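As a plain string of letters, each chain reads:
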Amino acid sequence: VQLQASGGGLVQAGDSLGLSCLASGRTFGNYAVGWFRQAPGKEREFVAGISWSARYTVYADFVKGRFTISRDKAANTVSLQMNSLKPEDTAVYYCARRGQRFASIETQDHFYDYWGQGTQVTVSS
């Protein structure tokens, strides 16, 4: 399966941006999907995750109330709507597929087996 993340760009603080993760090759409808990010000089960190059923979502504390993750199984996409962006949200954002069908959302990246190429989000102050 190939994952392609898109939607990044350069915005100002307070603006909104929507990221998309499209799966091709094979579906990821039966897998949890997570968004992670990595800023220069920092470790990759979990941002948000959505269960295979879309019934459950998990967010990092630093994005709660600002970011919303969703999925469209028919379109084989997972989206991340980012509102009230801050300069500290600047990073490369990656989507990833959980490595086990029907498994729960995990916040540690070693539980994910397929990764998108990343999309750059830059928030200016």
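Further up the page is the structure itself.
Residues numbered from 1 in each chain as written. Predicted model: local features only at pLDDT ≥ 70, side-chain atom pairs only at ≥ 80, totals over all residues. Heavy atoms only, no water.

J.: Is there a simple way to explain the nonpolar core in this structure?
T.: Among soluble globular proteins, nonpolar side chains are generally buried collectively. Ranked by internal contacts, the top residues of the largest apolar core, which has 30 residues, are Trp-35, Leu-80, Met-82 and Tyr-93. Elements represented by at least two residues in this core include exactly β1 (2-6), β3 (17-24), β4 (33-38), β5 (45-50), β7 (67-72), β8 (77-82), β9 (91-98) and β11 (119-124). Apart from residues lying up to four places away in sequence, Met-82 is in contact with Asp-15, Ser-16, Leu-17, Leu-19, Arg-66, Phe-67, Tyr-93 and Val-121. Core analysis: the next-biggest nonpolar cluster, separate from the first, contains six residues, Ala-32, Ala-96, Ile-105 and Tyr-112 among them. (Core = buried A, V, L, I, M, F, W, Y, C linked by side-chain atoms within 4.5 Å. Buried < 20%, exposed > 50% of the residue type's maximum accessible area, 1.4 Å probe, protein only. Helix = DSSP H or I, 4+ residues; strand = E, 2+ residues; numbered from the N terminus. Contact = heavy atoms within 4.5 Å.)

J.: Help me understand the environment of Val-11, please; the structure alone is not making it clear to me.
T.: Here Val-11 shows up in strand β2 (residues 9-12). You can call Val-11 buried: its relative accessible area is 11%. C-alpha separation for the pair Val-11 and Arg-71, spaced 60 residues apart in sequence, amounts to 24 Å. Not counting residues within four places of it along the chain, the set of residues in contact with Val-11 comprises Ser-16, Leu-17, Leu-85, Thr-122, Val-123 and Ser-124.

J.: Explain the sheet that holds β3 here, please?
T.: Sheet strands line up and pair through hydrogen bonds in the backbone, either parallel or antiparallel. Strand order in the open sheet formed by four strands is β1-β3-β8-β7, and the pairing between neighbours is antiparallel. Where the open sheet ends on each side, the last strands, each with one partner, are β1 and β7. Sheet twist, expressed as the mean angle between neighbouring strand axes with direction ignored, is 15 degrees. Where β7 meets β8, six bridges bridge the pair, whose relative direction is antiparallel. Pairing of Asp-72 across the sheet is with Thr-77, part of β8. (Pairing = 2+ DSSP bridges. Axes fitted to C-alpha atoms, helices over the stretch in contact; angles between N-to-C directions.)

J.: Help me out: how do you make sense of unusual backbone geometry in this one?
T.: With the exception of glycine, most residues fall at negative phi, and the peptide bonds are largely trans. Despite not being glycine, Ser-84 shows a phi value in the positive range, around 50 degrees. Along the chain, Ser-84 falls in the loop between β8 and β9. The partly exposed category is assigned to Ser-84, whose relative accessible area is 40%. In this structure, Phe-102 is a non-glycine residue whose phi angle is positive, near 60 degrees. Checked against the element boundaries, Phe-102 lands in the loop between β9 and β10 (112-115).

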